[in-house]
Amino acid sequence: MIMRKKTNTPLVFKVTGEAQLLPFIMEKMHGISRNRAKALITNRVVLVDNKITTYPLTVLVPGQVVQIDRSKHKMTFHSNDLDIVYEDPYLLVIDKRPGLLSMSNNTRQETAQSVLNRYLEKGGGRNTAHLVHRLDRDTSGLMLYAKDVQTQQSFIQGWRELVTDRRYVALVSGEVEKNEGDIRSWLTEDKRFITHSSPVDNGGKFAHTHYRVLQRANGYSLVELELETGRKNQIRVHMAEIGHPVVGDRKYGNDDDSIRRLALHAYMLCFRHPVTGKYLRFETPLPLSFEKCLND
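On a predicted model such as this, the values are computed, not experimentally measured, just so you know. (Residues numbered from 1 in each chain as written. Predicted model: local features only at pLDDT ≥ 70, side-chain atom pairs only at ≥ 80, totals over all residues. Heavy atoms only, no water.)

A. Local environment of the packing of helix 1 (residues 21–28) against helix 2 (residues 34–42). Following both chains from N to C, one finds helix 1 and helix 2 inclined at 115 degrees, their axes separated by 9 Å at the closest point. Between helix 1 and helix 2 lies a crossing whose hand is right-handed. Counting all contacts with helix 1, which are made through Leu21, Leu22, Ile25 and Met26, the residues of helix 2 involved are Arg34, Ala37, Lys38, Leu40 and Ile41. (Axes fitted to C-alpha atoms, helices over the stretch in contact; angles between N-to-C directions. Helix = DSSP H or I, 4+ residues; strand = E, 2+ residues; numbered from the N terminus. Left-handed = near helix turned anticlockwise from the far one by under 90°. Contact = heavy atoms within 4.5 Å.)

Pasting the structure below:
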């Protein structure tokens, strides 16, 4: 269904079958190019059920309404450090670049939180970005920020019930022997902020990582990782422990800096919205530098 009254009137489309946002827009707007459809989404003029949606692979279900409104949303977001994947009145999902801190460490360094706070301030509202979970500075991928303390606390207190799936991909050195496996250990941090792993309880924090090999090529393995616990540097320590450290991870014994970054990416985030109760699922593509190592 298309309703069009004048040039500035929003285009409104009713979803009648399951689809992804990008191809849905291309079809409904009479075959516009993929780049043009993606530009509409990233320029923040596409709304799904009245909420700005900037993730091209958003899954649409029957009954939802997709709106394209160039006149309604005048505030744009541009940053070399992160993309806003999803936004509603309560929260933001972002895709962070490697090298960016999640939040302030009492220096004047740019952080994901400061970037989002400037954006929210320009919007004229009273909201600020509240960290829900962290990624290491050198890890890229999906992160979640709340726009108010109440939403932040809902996530923190109900994390295990609300967050249903969170996965990473890592490019590691060597060909991992097993197709999948579990790593369990106790982690402690020394005065140099180096995390050490012990197979027996030594008073540290228990850590549990499940891994699955996705691809082996050119002396590397691409590994998917699910965390049963969320300890500091857990993935990096556990992969080094089985003899396959993450590429670019000099802190834990890997001098291979072939892609000039830590090869760890948070690619999937699935959760139930603490306010609306809606199930939300987000994925980001594999970084091109990872693919290059595997396919060259």
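Continuing now.
B. Seen up close, the pairing of strand 15 (residues 220–227). In terms of burial, strand 15 is a largely internal element, six of the eight residues being buried. With seven bridges joining them, strand 11 (residues 163–173) and strand 15 adopt antiparallel strand pairing. The residue bridging tyrosine 168 from the neighbouring strand is leucine 225, located in strand 15. By the bridge criterion, eight bridges tie strand 14 (residues 205–217) to strand 15 in an arrangement that is antiparallel. Across the sheet, tyrosine 211 pairs through a bridge with leucine 225, a residue of strand 15. Hairpin connection between strand 14 and strand 15: a loop of two residues separates the two successive antiparallel strands, and asparagine 218 in this loop has a positive phi of roughly 55 degrees. (Buried < 20%, exposed > 50% of the residue type's maximum accessible area, 1.4 Å probe, protein only. Pairing = 2+ DSSP bridges.)

C. Inspection of unusual backbone geometry at higher detail. Phi is positive for phenylalanine 193, which is not a glycine, with a value near 65 degrees. By the secondary structure assignment, phenylalanine 193 is in the loop between strand 12 (180–189) and strand 13 (195–198).

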